[in-house]
Amino acid sequence: MYVVKSPLSDADLKTVSEALQGALVDLVDLALVAKQIHWNVVGPRFRSVHLQLDELVDTARTHSDTVAERASALGVSPDGRAATVAVGSGIDVTPEGWVDDTTAVQTIVDALGAVIGRMRERVAVSGDPDPVSQDIFIQITADLEKQHWMFQAGNG
């Protein structure tokens, strides 16, 4: 059921809505992973990594809201429920318990790499059916690639 009528054709809406839903799941999980590590990071770089993780959480949450609202604007109900995120995310399982700062940074580098790869696929599939959504994916990818660079630089 569509409460809001999309300007896209049914075929284009299917492609774009799948891309938006996938992005939402990845971004929600990225925020959760970053917050989990934020709470559990230990080591000599604790403070800087702890603060950098909060920046990543803010970025992921802001973009997840943009993605969910874009889906809604197209008449698609976004699904950010925990069960949906758990089965749909492209991010590997996060380490349990305390995480040393080097492992914490590498875990985030890997998570960002996974999300960026999937986001670039969304950029590719969304261009023809909906350049507006593609633009959103491009901006998200740029922001995540900046975060990816900064975390990678932290482990030299």
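Think of each chain on its own: its residues are numbered from 1, step by step along the sequence as written. At least 70 in pLDDT is required for a residue's local features to be given in this predicted model, at least 80 for side-chain atom pairs to be given and counted, and no such filter applies to totals for whole chains, interfaces and linings, which use all residues. The side-chain numbers reported here are obtained from all heavy atoms of the structure, hydrogens and water having been left aside.

- In the nomenclature of an unreviewed UniProt entry, the chain corresponds to DNA starvation/stationary phase protection protein from the organism Streptomyces coelicoflavus.
- UniProt positions are given in the numbering used here, feature names are shortened, and annotations may be inferred rather than shown by experiment. In the Sequence similarities (unreviewed entry) part of its UniProt record, the chain is described as follows: "Belongs to the Dps family."

So, the pattern of salt bridges
Here comes step 1: Think of a salt bridge as a Lys or Arg side-chain nitrogen and an Asp or Glu carboxyl oxygen that are within 4 Å of each other. Under the counting rule described, the total for this entry stands at eight salt bridges.
Here comes step 2: Between D26 and R122 there is a salt bridge, with the nearest N and O atoms lying 3.1 Å from each other. Taken together, the residues D26 in helix 1 (residues 10-40) and R122 in helix 4 (residues 101-126) connect sequence positions 96 residues apart.
Here comes step 3: Three exposure classes are used, based on accessible area relative to the maximum for each residue type with a 1.4 Å probe and protein chains only: buried under 20%, partly exposed in between, and exposed over 50%. The class of D26 is buried, set by a relative accessible area of 0%.
Here comes step 4: Classification of R122 by relative accessible area gives buried; the value is 7%.
Here comes step 5: In this structure, the salt-bridge partner of R120 is E145, at a minimum N-O distance of 2.8 Å. Helix and strand labels come from DSSP, where a helix needs a run of H or I of at least four residues and a strand needs a run of E of at least two; each type is numbered from the N terminus.

Regarding the nonpolar core
Here comes step 1: Joining through side-chain atoms within 4.5 Å is the link that ties buried Ala, Val, Leu, Ile, Met, Phe, Trp, Tyr and Cys residues into a set, and such a set is a nonpolar core. I108 and L144 are the most contacted members of the largest nonpolar core, which has 44 residues in total.
Here comes step 2: Of all the elements in the fold, those that place two or more residues in this core are helix 1, helix 2 (46-73), helix 4 and helix 5 (131-155).
Here comes step 3: Sorting elements by how many residues they give to this core places helix 1 first, with 14 residues.
Here comes step 4: Those residues in contact with L144 that sit more than four places away from it in its chain are L27, L30, L56, T59, L112, V115, I116 and M119. The contact rule is simple, with two residues in contact once any of their heavy atoms fall within 4.5 Å.

Side note on the UniProt feature "domain: Ferritin/DPS" (unreviewed entry) in the chain
Here comes step 1: Here the UniProt feature "domain: Ferritin/DPS" (unreviewed entry) sits at residues 18-153.
Here comes step 2: Taken end to end, residues 18-153 has its terminal C-alpha atoms 33 Å apart, with 79% of it in helix and 3% in strand.

A short note on helix 2
Here comes step 1: Here, expected helix span is obtained from the residue count minus one, scaled by 1.5 Å. In this model helix 2 runs 40 Å from its N-terminal to its C-terminal C-alpha over 28 residues, within 8% of the 40 Å that 1.5 Å per residue would give.
Here comes step 2: Directly beyond the C-terminal end of helix 2, a positive phi value near 90° is found at G75.

Topic: the packing of helix 1 against helix 2
Here comes step 1: Here the axes come from fitting lines to C-alpha atoms, over the contacting stretch only for helices, and the angles between their N-to-C directions go from 0 to 180 degrees. Contact geometry of helix 1 with helix 2 gives a least axis separation of 8 Å together with a crossing angle of 160°. Judged by the angle between their axes, helix 1 and helix 2 are roughly antiparallel. The way helix 1 lies across helix 2 gives a crossing that is left-handed.
Here comes step 2: Tallied by class, residues from the contact of helix 1 with helix 2 come to 16 nonpolar, four polar and four charged. With respect to orientation, any angle under 35 degrees is reported as roughly parallel, any angle over 145 as roughly antiparallel, any angle of 65 to 115 as roughly perpendicular, and every other angle as oblique. Rotating anticlockwise by less than a right angle from the far helix to the near helix defines a left-handed crossing, while the corresponding clockwise rotation defines a right-handed one. Residue classes follow a fixed rule: Ala, Val, Leu, Ile, Met, Phe, Trp, Tyr, Cys and Pro count as nonpolar, while Asp, Glu, Lys and Arg count as charged, and any other residue, Gly among them, counts as polar.

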